[in-house]
Amino acid sequence: VHTKSFHIHIKYYNQTTEWLLSRTRHRPKIAVVCGSGLGLLADGVTNKEIFPYADIPNFPVSTVPGHEGCLVFGILKGKSCVFMQGRFHLYEGYSLCKVTFPVRIFKLLGVETLIVTNASGGLCPDFKVGDIMLIKDHINLPGFAGQHPLCGPNDERFGIRFPCMSDAYSKDLRKLALDISHELDYTNFVREGVYCMVSGPNFETIAEARMLQVLGCDSVDI
Ligand SMILES: O=P(O)(O)O[C@H]1O[C@H](CO)[C@@H](O)[C@H]1O
Ligand SMILES: Nc1nc2[nH]cnc2c(=O)[nH]1
């Protein structure tokens, strides 16, 4: 039975952070959340230290195929990184504060840059299956209905009560990604667009997909 809650007590964040810091030599500044089938993004790291989610105190576990369920610390191009091989979803029955628990752990570990990836559904008619879309903005539909990870008591250690979202996705990092896609001649499949979160687990009806297009969404995921 899953219990839904708006709040996880700070002692659980501290316990998980201390557990990880006492077991890894790495002090990552970059975290990567790997979506479905994207766990291989961690394959290139050296000096790997791997922690199955089931072993980490207070961590949720992955229940979806294509999500290995491991936290991988290591070095990539000289930078200390941590990869989530598998992410968590509302539709698995986790509350949003549980879904986002690892991101707050990253903050407490000292992470400064978060890269999120997932396998989403394309809505923009110009996109082809397999294209990569850089997220430039998002629409959080469950958030409009009160399903929001920031609901509940605010802990200033993680951010302010009323965060501004007009620059949620780093312009500099998006430019860097686009520059690199030019250098690598990847421009015919690297796009930019607006990402929409819905709760799932069903994918959209045709009418819903059309509605999301009208709202300005280029891709949608759960
Ligand atoms: O968003 P990620 O985890 O990449 O995966 C997406 O693909 C799965 C459905 O095929 C769902 O888990 C959906 O969220
Ligand atoms: N909502 C939604 N999520 C997805 N995740 C992967 N494909 C899809 C899709 O078509 N719709």
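Residues numbered from 1 in each chain as written. Chains lettered and ligands numbered in written order. Predicted model: local features only at pLDDT ≥ 70, side-chain atom pairs only at ≥ 80, totals over all residues. Heavy atoms only, no water.

Trainee: Give a description of the environment of T117 that names residues and reports values.
Mentor: By the element assignment, T117 lies in the loop between β5 (113-116) and β6 (121-122). When the C-alpha positions of T117 and V33 are compared, they lie 5.9 Å apart, and in sequence the two are 84 residues distant. Apart from the residues within four sequence positions on either side, T117 is in contact with V33, C34, G35, L38, L41 and R87. Reaching out from T117, the side chain makes a polar contact with the backbone oxygen of V33 at a distance of 2.8 Å. Here the side chain of T117 touches G35 through a polar contact of 3.0 Å, landing on its backbone nitrogen. (Helix = DSSP H or I, 4+ residues; strand = E, 2+ residues; numbered from the N terminus. Contact = heavy atoms within 4.5 Å. Polar contact = N/O pair within 3.5 Å; in protein donor to acceptor, adjacent residues only side chain to side chain.)

Trainee: Account for the layout of surface pockets, with residues named and values stated.
Mentor: The computed volume of the second largest pocket comes to approximately 260 Å³. Lining the second largest pocket are 20 residues, and of these A119, S120, F203, D221 and I222 lie nearest its centre. Residue assignment for the lining of the second largest pocket shows that the elements contributing at least two residues are β6 and β9 (219-221). Its residues assigned to classes, the lining of the second largest pocket comprises eight nonpolar, nine polar and three charged. A domain-level breakdown of the lining of the second largest pocket finds at least three residues from each of domain 1 (1-119) and domain 2 (120-222). (1 Å grid on protein atoms, 1.4 Å probe; cavity = no way out; pocket = protein on both sides within 12 Å on 5 of 7 lines; lining within 4 Å. Points joined across faces, edges and corners; volume = space filled by probe spheres on them. Nonpolar A, V, L, I, M, F, W, Y, C, P; charged D, E, K, R; others polar. Domains from an automatic or database assignment.)

Trainee: Any details on the UniProt feature "domain: Nucleoside phosphorylase" (unreviewed entry) in the chain? Residues and values, ideally.
Mentor: Within the UniProt annotation, "domain: Nucleoside phosphorylase" (unreviewed entry) is assigned to residues 29-221. Helix makes up 20% of residues 29-221 and strand 27%, and the two end C-alpha atoms of the span are 27 Å apart. (UniProt positions renumbered as here; feature names shortened; annotations may be inferred.)

Trainee: So what's going on with the sheet that holds β6? Residues and values would help.
Mentor: The four strands lie next to each other as β6-β9-β8-β7, forming an open sheet whose pairing is mixed. Where the open sheet ends on each side, the last strands, each with one partner, are β6 and β7 (132-140). Relative to strand β8 (residues 190-197), β7 is paired through eight bridges, and the arrangement is parallel. Note on β8: the bridge partner recorded for I132 is V190. Strands in contact with helix α5 (residues 171-183) are β7 and β8; relative to β7, the strand with the most contacts, it is inclined by about 155°. (Pairing = 2+ DSSP bridges. Axes fitted to C-alpha atoms, helices over the stretch in contact; angles between N-to-C directions.)

Trainee: Explain the domain arrangement of the chain to me, using residue names and the numbers behind them.
Mentor: Splitting the chain by domain gives domain 1 (1-119) and domain 2 (120-222). Between domain 1 and domain 2, the C-alpha centre-to-centre distance is 20 Å. The interface is formed by 18 residues belonging to domain 1 together with 21 residues belonging to domain 2. Together domain 1 and domain 2 conceal approximately 1700 Å² of surface at their shared face, both sides included; 63% is due to carbon and sulfur atoms. It is F6, L96 and R104 in domain 1 that bury the most area against domain 2; as a group they hold 32% of the surface buried on that side. At the boundary of domain 1 and domain 2, one finds one salt bridge. Of the charged contacts in the structure, one is a salt bridge between R87 and D221, with a shortest N-O distance of 3.0 Å. For the pair domain 1 and domain 2, the interface holds five residue pairs in polar contact (both at pLDDT 80 or more). Within the residue set of the side of domain 1 that touches domain 2, elements represented by two or more residues are α1 (10-21), α3 (101-109) and β5. Its residues assigned to classes, the side of domain 1 that touches domain 2 shows nine nonpolar, six polar and three charged. (Buried area = accessible area lost by both parts, 1.4 Å probe. Salt bridge = Lys/Arg side-chain N within 4 Å of Asp/Glu carboxyl O.)

Trainee: Give a detailed account of the nonpolar core, specifying residues and quantitative values.
Mentor: By size, the foremost hydrophobic cluster in this structure holds 32 residues, and its most contacted members are L20, I56, L71 and F106. Only α1, β1 (30-34), β3 (70-76), β4 (79-85), α2 (96-99), α3, β7 and β8 provide two or more residues apiece to this core. Sorting elements by how many residues they give to this core places α3 first, with four residues. Counting contributing residues, this core receives three or more from each of domain 1 (1-119) and domain 2 (120-222). (Core = buried A, V, L, I, M, F, W, Y, C linked by side-chain atoms within 4.5 Å. Buried < 20%, exposed > 50% of the residue type's maximum accessible area, 1.4 Å probe, protein only.)

Trainee: For the site of ligand 2, give the residues involved together with the corresponding values.
Mentor: Taken together, A119, S120, G121, V198, F203, E204, V220, D221 and I222 form the complete shell of residues around ligand 2. Between ligand 2 and D221 there is a distance of 2.7 Å, counted from a nitrogen atom to a side-chain nitrogen or oxygen. Contact with the protein chains hides 81% of the accessible area of ligand 2, taken as 280 Å² for the molecule alone. Of the residues in the shell around ligand 2, the class split is five nonpolar, two polar and two charged. (Near = heavy atom within 4 Å. Areas by Shrake-Rupley, 256 points an atom, 1.4 Å probe, with all protein chains shown as cover.)

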